[in-house]
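Fold and contact review
Here is how the chains run, residue by residue.
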Amino acid sequence: MTLNTFKSAILSVLFLATSFSGFANENSDPQEDKEFNAKDMIMHHVKDAHEFHIITLNEGKEDQKDISIPLPIILWTDNGLVTFMSSEFHHDDTGHTIVEKDGMKFVKSHEKIYQLNADAHAVEFDSEHHPTNAVAPLDFSITRNVFMMWVSIVVLLLIFIGAARRYKKSEDNVPTGIAGFIEPLVVFVRDEIAKPMIGEKKYRRYMPYLLTVFFFIWINNIFGLIPILNGANLSGNIAFTMTLALFTFIITTFSGNKNYWKHIFWMPGVPVPMKIFLMPIELIGIFTKPISLMIRLFANITAGHIIILALMSLIFIFKTVAVAPVSVAFSLFIGIIEIVVTAIQAYIFTVLSALYFGMATEEEHH
Amino acid sequence: MDLITPGFGLVFWTAITFLCLLFILRKFAWKPILGAVEDREEGIKKALASAENARKEMENLHADNERILNEARAEREALLKEAREIKSKMIADAKDEAQAQASKIIEQAQAAIESEKKAAMTELKNHVATLSLDIAEKVVREELSNKDKQIQLVESMLGEAILN
């Protein structure tokens, strides 16, 4: 009985999805039907944006309507700070709609904001895609990714401070409610990541960082998978992974003890020529470790998004509904793998960070 | 290319947000949660240790009991053995004593019998001697009361005596 209901539910969802895509195809007028560009669509979803775009109604018609959540744009220009809402661009991403603020003209082109020169009316690029008549101010905008990051922060704080309160309430430190769900994860980070990688004596110092990084990455990986949030691909953004890798690099470098530096500059236990040979290699190793962290997380998450979007694009590339079941089935399959990957990548980032801290603080042993 | 060039704004906001998150969570979440977990683990460890101690104490007590019981048993055994030994020794002693006494008595009796016998023999001898003398006297008196007989005797004696 339940199996049948389940089956019919799945089938109806599939049918709904296929009919929608068919509908989307038929809806656009043939003469205005632009060639579907999968690369642009995918890049648009994977990259950051200055507004939270939800849906475009009546695309290509007179009464085209974009529904989106405007986000604040914060720019640091030569004349100081400039702020305005992204809605002032009227969803234009081609660099034609000009927003004038404090006597400066701004346009948005491919999710980049340019400050036009006084006489220009639209941004123009040379062959190397450098703007010829505009400069790019420092962009501190609250973009889609920053916004989602803050949403994830609120969720994290709610979960973990809520969990911490549970312990205060109970007399004998018994985890109840959300704490019962959180505690195994926290204990996992402590017993399976921090303790084996750093060691029983020193792991305590690094626990806050490891726990924060683990849950921060994990929750943002998960948020990136939720389609209704328009796939704010925060943990698949290289700026985000670079920042976190930088933190790991800074902590590793500053907690490096004598033994750690000795292993880098004057490897003990090998002949002198080997010591000289190893020094540059080890020196490069200091930097390749955080760089590998950065690229691993970025590439894994972005690749997952691109695969799902590419599978979905098949429907529009082949312009047939018949591909839809295949696309949906494959994206569902990749989506399930991605759910696992969210946790695995958070785990790997944390484990490797802990490993680097452990290497930096390892005591000399013979 | 945009995809792999980090945007400065996002780096900036990520750094600030992450640091804030780190400090807030460290103070309000990780410290209480880890503290509670560690407290509880400590408590469990202590409880287990005290349980182990109690078990050991029980074991000790049990061993003590066993030991005392064994000692008591051994003592009883020893006492019994001793008593048995004393008993057998007493019996043996008594036997020896009795034997010695008996043999002494027997010896004395034998000695007495011997001396009695000797006395009786002596008396008997004396008696026989007196009796013989009496008889001999009487016989001689009888013999010599009659002249004929006296002569006869002398003659026989003479006859017996061969003159060389």
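What you see is a predicted model, and the numbers here were worked out from it, not measured in a lab.

**Examining the domain arrangement of chain A**
Assigned domains of chain A: these are domain 1 (64-142) and domain 2 (145-361). Computed from C-alpha atoms alone, the centre-to-centre distance between domain 1 of chain A and domain 2 of chain A is 33 Å.

**Comments concerning the sheet that holds strand 8 (residues 134-135) of chain A**
Residue and element names in this part refer to chain A. An order of 5-6-7-8 is seen for the four strands of this open sheet, with the pairing classed as antiparallel. The open sheet terminates on both sides in strands that have one partner only, identified here as strand 5 (99-101) and strand 8. Relative to strand 8, strand 7 (residues 112-116) runs antiparallel, the two sharing two bridges. Across the sheet, Gln115 pairs through a bridge with Val135, a residue of strand 8.

**Some points on the interface of chain B and chain A**
Contacts between the two partners involve 30 residues from chain B, matched on the other side by 39 residues from chain A. Considered class by class, the residues forming the side of chain B that touches chain A number 22 nonpolar, four polar and four charged.

**A closer look at unusual backbone geometry**
With a phi close to 50 degrees, Lys319(A) is a non-glycine residue in the positive phi region. The topology assignment puts Lys319(A) in the loop between helix 8 (272-318) and helix 9 (324-361).

**Some thoughts on the pairing of strand 7 of chain A**
A regular strand places its side chains on the two faces of the sheet in alternate fashion. Strand 7 of chain A sits mainly inside the fold: four of its five residues count as buried. Hairpin connection, strand 6 (residues 104-109) of chain A to strand 7 of chain A: the antiparallel pair is bridged by two residues, and His110(A) has positive phi, about 50 degrees.

**What to know about the confidence of the model for chain B**
Of all residues in chain B, 98% have pLDDT values of 70 or greater, and the mean over the chain is 89. Under the prediction, the complex receives an ipTM of 0.83, its pTM being 0.74.

**A closer look at helix 6 (residues 238-255) of chain A**
Over its 18 residues, helix 6 of chain A extends 25 Å from the first C-alpha to the last, a length consistent with the 26 Å expected when each residue adds 1.5 Å. For helix 6 of chain A, the complete set of buried residues consists of Ile238(A), Ala239(A), Phe240(A), Thr241(A), Met242(A), Thr243(A), Leu244(A), Ala245(A), Phe247(A), Thr248(A), Phe249(A) and Thr252(A). Here the buried face of helix 6 of chain A lies against helix 3 (144-169), helix 5 (203-225), helix 8 and helix 9 of chain A together with helix 1 (8-144) of chain B.

**Overview of the sheet that holds strand 4 (residues 80-85) of chain A**
The three strands are arranged 4-3-9 (chain A) in an open sheet whose pairing can be described as antiparallel. Sheet topology places strand 4 and strand 9 (138-139) of chain A at the edges, where each strand pairs with a single neighbour.

About the thresholds
Residues numbered from 1 in each chain as written. Chains lettered and ligands numbered in written order. Predicted model: local features only at pLDDT ≥ 70, side-chain atom pairs only at ≥ 80, totals over all residues. Domains from an automatic or database assignment. Pairing = 2+ DSSP bridges. Helix = DSSP H or I, 4+ residues; strand = E, 2+ residues; numbered from the N terminus. Contact = placed C-beta atoms within 7 Å. Nonpolar A, V, L, I, M, F, W, Y, C, P; charged D, E, K, R; others polar. Buried ≥ 20, exposed ≤ 12 C-beta atoms within 10 Å, placed from the backbone. pLDDT = per-residue confidence, 0-100. Expected span 1.5 Å × (residues − 1).

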